[in-house]
2 protein chains.
Amino acid sequence: MDTKGLRFDAINLGHGSGGIMTRDLLDKVIFSTFDNAYLNQKHDGAIVKFDGEIAISTDSFVVSPVFFKGGNIGELAVNGTVNDVAMCGAIPKYLSLAFIVEEGLKMEEFIQIVESVKSAADESGVQIITGDTKVVERGKGDKIFINTTGFGEVHPKANISSTNIKAGDMIFVNGYIAQHGMAIMSQREGLEFESTIVSDTTNINFMAMNLLDKFGEKIHLFRDPTRGGVASVLSEIATDIGMGISINENDFPLEKQVVAACEILGLDPLYVANEGVFLSIVSADVATEFLAEMKKDPKGINSRCIGAVTLEHPNKVVMNSSIGGKRMVSPLIGEQLPRIC
Amino acid sequence: MDTKGLRFDAINLGHGSGGIMTRDLLDKVIFSTFDNAYLNQKHDGAIVKFDGEIAISTDSFVVSPVFFKGGNIGELAVNGTVNDVAMCGAIPKYLSLAFIVEEGLKMEEFIQIVESVKSAADESGVQIITGDTKVVERGKGDKIFINTTGFGEVHPKANISSTNIKAGDMIFVNGYIAQHGMAIMSQREGLEFESTIVSDTTNINFMAMNLLDKFGEKIHLFRDPTRGGVASVLSEIATDIGMGISINENDFPLEKQVVAACEILGLDPLYVANEGVFLSIVSADVATEFLAEMKKDPKGINSRCIGAVTLEHPNKVVMNSSIGGKRMVSPLIGEQLPRIC
């Protein structure tokens, strides 16, 4: 990136004016980084070709701090939306990228975030095709917020819908839970403690698409438990399908450090946000092969079956606890960890 | 909208948690307002069918104040993106909708904004198919920011590209300029003055599509002069095409009030943002019919030809002033009016 010509070492309101300073920032940072034919149209939008079904997902990222152990808001904004598109059973292809920057953000931080967007996009196989940059006055934002909207081609074998879920379906998770939320929490002002917990932010689209290649319609639902964690997502699903979900406490893959940090802070890992984790609800007849296939993927080595769908306790999630009891898992009500993604 | 069940009279962090409060807000305000089959999938994204070329455009709206004369941030966020899609020569069909709300925004204001989004979407013929709601702490945002990303089918007769522009092409505008920027400015703290200037925020997609129906490839470029105003957009175009643009000061449609307000504040209306205005660059052989067709539209009654593309003064915009002189029109450099859209 040729940033020598950038005349400012921090973002200021002029960068959001729509005039020469905006154009300068776009040319020197955005267009030079993402250089592709779509973006180079330099129009108010991009034209792409699509035939068939497209999955579309949008997310704004407001994580604080914007730089955290294991990543920054730039890659989070790419991975989060790429994963949401994949969870719809679609192959992510394109992203739009919109920044709301607070005046005063250091130019080097902005550039670092843009570079992370680029490398995360490359890793996920998506192109940034259109964008927007707005600047708000100091104190009217928080360094940087990013919106990404993603577009993907629906996988030819996908038939992802909660209406396909049946009693007896098995529920799988691809790895350690609660990593992202606890990484953010461990860095928050006033709550800092000794920890090397890193965010699990990563793309899981290739792993999900491979599972669709192999198991097609046997996969009834994909869902990534970000805000609200595994408990909130499962509760939502139980309500949607009008059946029960039974999970086993002992089966959740959890890192020791995360368990310890949750204990110190009085948090339940089931409610903590994840970024590189996804749940699959799958027909029981392929359960063994499905788990074996998951474990072959580097992002699925710690995959587990965590539970099943049941006709008992409709609309409710019940956990078989490690000491042999049963407890109801409610969805999160208010806020456990704000600004997590 | 059944808002009786809303247990809070202001947005708080719990509404962004991903838990029950989020679900409650979505069910009672968002899903009930936008009720459609796409949104009712209640997944992380929506699946839509498309065949052929799609125009995609994204914009974040950070206007301050969020309620202004002639509209609010909700309809601005719809019209702005609808218009950007139309400027690509495409029929707007779908929007994604992402809110970043500052804790403490009054629930009634949030609902009013959501209702404006709905009515603006209905008026433009677009559906809200997926969305996101984040909440940031008090002092980390400014009431509400909205990102919309729009998708449209490219009009079968459209061939919109600055590479099609030729010397001799005529440049048209559909109405009074500088209304939006001056409406916002007239309400800003410390700058309030007696004025009834209202924002021109509106959709111009139907007008633009009708012109494409009638004139097809004779239309070389559409562009809406929002941030940076007419001067910045024309300067950008002149640079892109490597030709000159000649405009006539006397031909710009301007309301008296706007001229007066600009004089008081020392602003040049050519640099002030517009929201319901678009420029068309059109082959000279259809100029007369084009202008006549524009004037038939209620949103084009005040249409004018404001200038032409020329081989003289390449890369530069030159204005023939009202007193018979010529002056160079530079693009905006820094910021004239921040947070205008």
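## Considerations on the domain arrangement of chain A
Residues and elements named next belong to chain A.
Moving on, step 1. When its domains are assigned, chain A resolves into domain 1 (13-154) and domain 2 (162-329).
Moving on, step 2. Taken over C-alpha atoms, the centre of domain 1 sits 28 Å from the centre of domain 2.
Moving on, step 3. Contacts between the two partners involve 24 residues from domain 1, matched on the other side by 24 residues from domain 2.
Moving on, step 4. If you sort the residues of domain 1 by the area they bury against domain 2, Lys-69, Asn-83 and Met-87 come out on top, with a joint share of 37%.
Moving on, step 5. Taken together, domain 1 and domain 2 are joined by 0 salt bridges.
Moving on, step 6. It is helix α2 (residues 73-87) that provides the largest number of residues to the side of domain 1 that touches domain 2, a total of 9 residues.
Moving on, step 7. Per-class residue counts for the side of domain 1 that touches domain 2 are 11 nonpolar, 9 polar and 4 charged.

## Quick word on helix α4 (residues 179-187) of chain B
Residue and element names in this part refer to chain B.
Moving on, step 1. Of all 9 residues in α4, 8 are buried; the element is thus mostly enclosed.
Moving on, step 2. All of the buried residues in α4 are Gln-179, His-180, Gly-181, Met-182, Ala-183, Ile-184, Met-185 and Ser-186.
Moving on, step 3. Of the surrounding elements, those touching the buried residues of α4 are β2 (67-68), α2 (73-87) and α7 (256-265).

## Structural notes on the interface of chain A and chain B
Moving on, step 1. Taken together, the contact pairs 71 residues of chain A with 71 residues of chain B.
Moving on, step 2. By the criterion of area lost to chain B, the three top residues of chain A are Asp-44, Ile-56 and Arg-227 of chain A, representing 12% of everything that side buries.
Moving on, step 3. In this structure, the connection of chain A to chain B is made through 8 salt bridges.
Moving on, step 4. With a shortest N-O distance of 2.9 Å, Lys-134 of chain B and Asp-59 of chain A are connected by a salt bridge.
Moving on, step 5. Across the contact surface, chain A and chain B share 31 residue pairs in polar contact (both at pLDDT 80 or more).

## Topic: the environment of Phe-67 of chain A
All names here are of chain A.
Moving on, step 1. Within the element layout of this structure, Phe-67 appears in strand β2 (residues 67-68).
Moving on, step 2. Taking the relative accessible area as the measure of exposure, Phe-67 reaches 22% and is therefore partly exposed.
Moving on, step 3. Along the sequence, Phe-67 and Asn-210 sit 143 residues apart, while their C-alpha atoms lie 31 Å from each other.
Moving on, step 4. Once residues within four sequence positions are removed from consideration, Phe-67 is found in contact with Asn-72, Glu-109, Gln-112, Ile-113 and Gln-187.

## A word on the environment of Gly-52 of chain B
Moving on, step 1. In this fold, Gly-52 of chain B is placed in strand β1 (residues 46-61).
Moving on, step 2. Through-space distance from the C-alpha of Gly-52 of chain B to that of Glu-103 of chain B is 42 Å; in sequence the pair is 51 residues apart.
Moving on, step 3. If sequence neighbours within four positions are ignored, Gly-52 of chain B has contacts with Val-48, Lys-49, Phe-50 and Asp-51 of chain A.

## A look at the sheet that holds strand β6 (residues 144-154) of chain B
Moving on, step 1. The sheet built from 8 strands is open, its strands ordered β5(A)-β4(A)-β6(A)-β1(A)-β1(B)-β6(B)-β4(B)-β5(B) with mixed pairing. In this open sheet, the two strands that pair with only one neighbour each are β5 (127-136) of chain A together with β5 (127-136) of chain B. Averaged over all adjacent pairs, the angle separating strand axes in this sheet is 25°, with direction ignored.
Moving on, step 2. Bridge count for strand β4 (residues 90-102) of chain A against β5 of chain A is 9 bridges, and the pairing is parallel.

## Looking at the sheet that holds strand β9 (residues 244-248) of chain B
Neighbouring strands of a sheet are bound in pairs by backbone hydrogen bonds; such pairs are parallel or else antiparallel.
Residues and elements named next belong to chain B.
Moving on, step 1. Across the sheet, which stays open at both edges, the 7 strands sit in the order β8-β10-β7-β11-β9-β12-β13 with mixed pairing between neighbours. Looking at strand neighbours, the two that pair on one side only are β8 (219-223) and β13 (326-329), the edges of this open sheet. For this sheet, the mean angle separating the axes of adjacent strands, direction not counted, is 25°.
Moving on, step 2. Taken together, the 4 bridges between strand β7 (residues 170-173) and strand β11 (residues 304-310) define a ladder with antiparallel strand orientation. By the bridge assignment for β11, Phe-172 is matched with Cys-305.

Basis of the calculations
- Residues numbered from 1 in each chain as written.
- Chains lettered and ligands numbered in written order.
- Predicted model: local features only at pLDDT ≥ 70, side-chain atom pairs only at ≥ 80, totals over all residues.
- Heavy atoms only, no water.
- Domains from an automatic or database assignment.
- Contact = heavy atoms within 4.5 Å.
- Buried area = accessible area lost by both parts, 1.4 Å probe.
- Salt bridge = Lys/Arg side-chain N within 4 Å of Asp/Glu carboxyl O.
- Helix = DSSP H or I, 4+ residues; strand = E, 2+ residues; numbered from the N terminus.
- Nonpolar A, V, L, I, M, F, W, Y, C, P; charged D, E, K, R; others polar.
- Buried < 20%, exposed > 50% of the residue type's maximum accessible area, 1.4 Å probe, protein only.
- Polar contact = N/O pair within 3.5 Å; in protein donor to acceptor, adjacent residues only side chain to side chain.
- Pairing = 2+ DSSP bridges.
- Axes fitted to C-alpha atoms, helices over the stretch in contact; angles between N-to-C directions.

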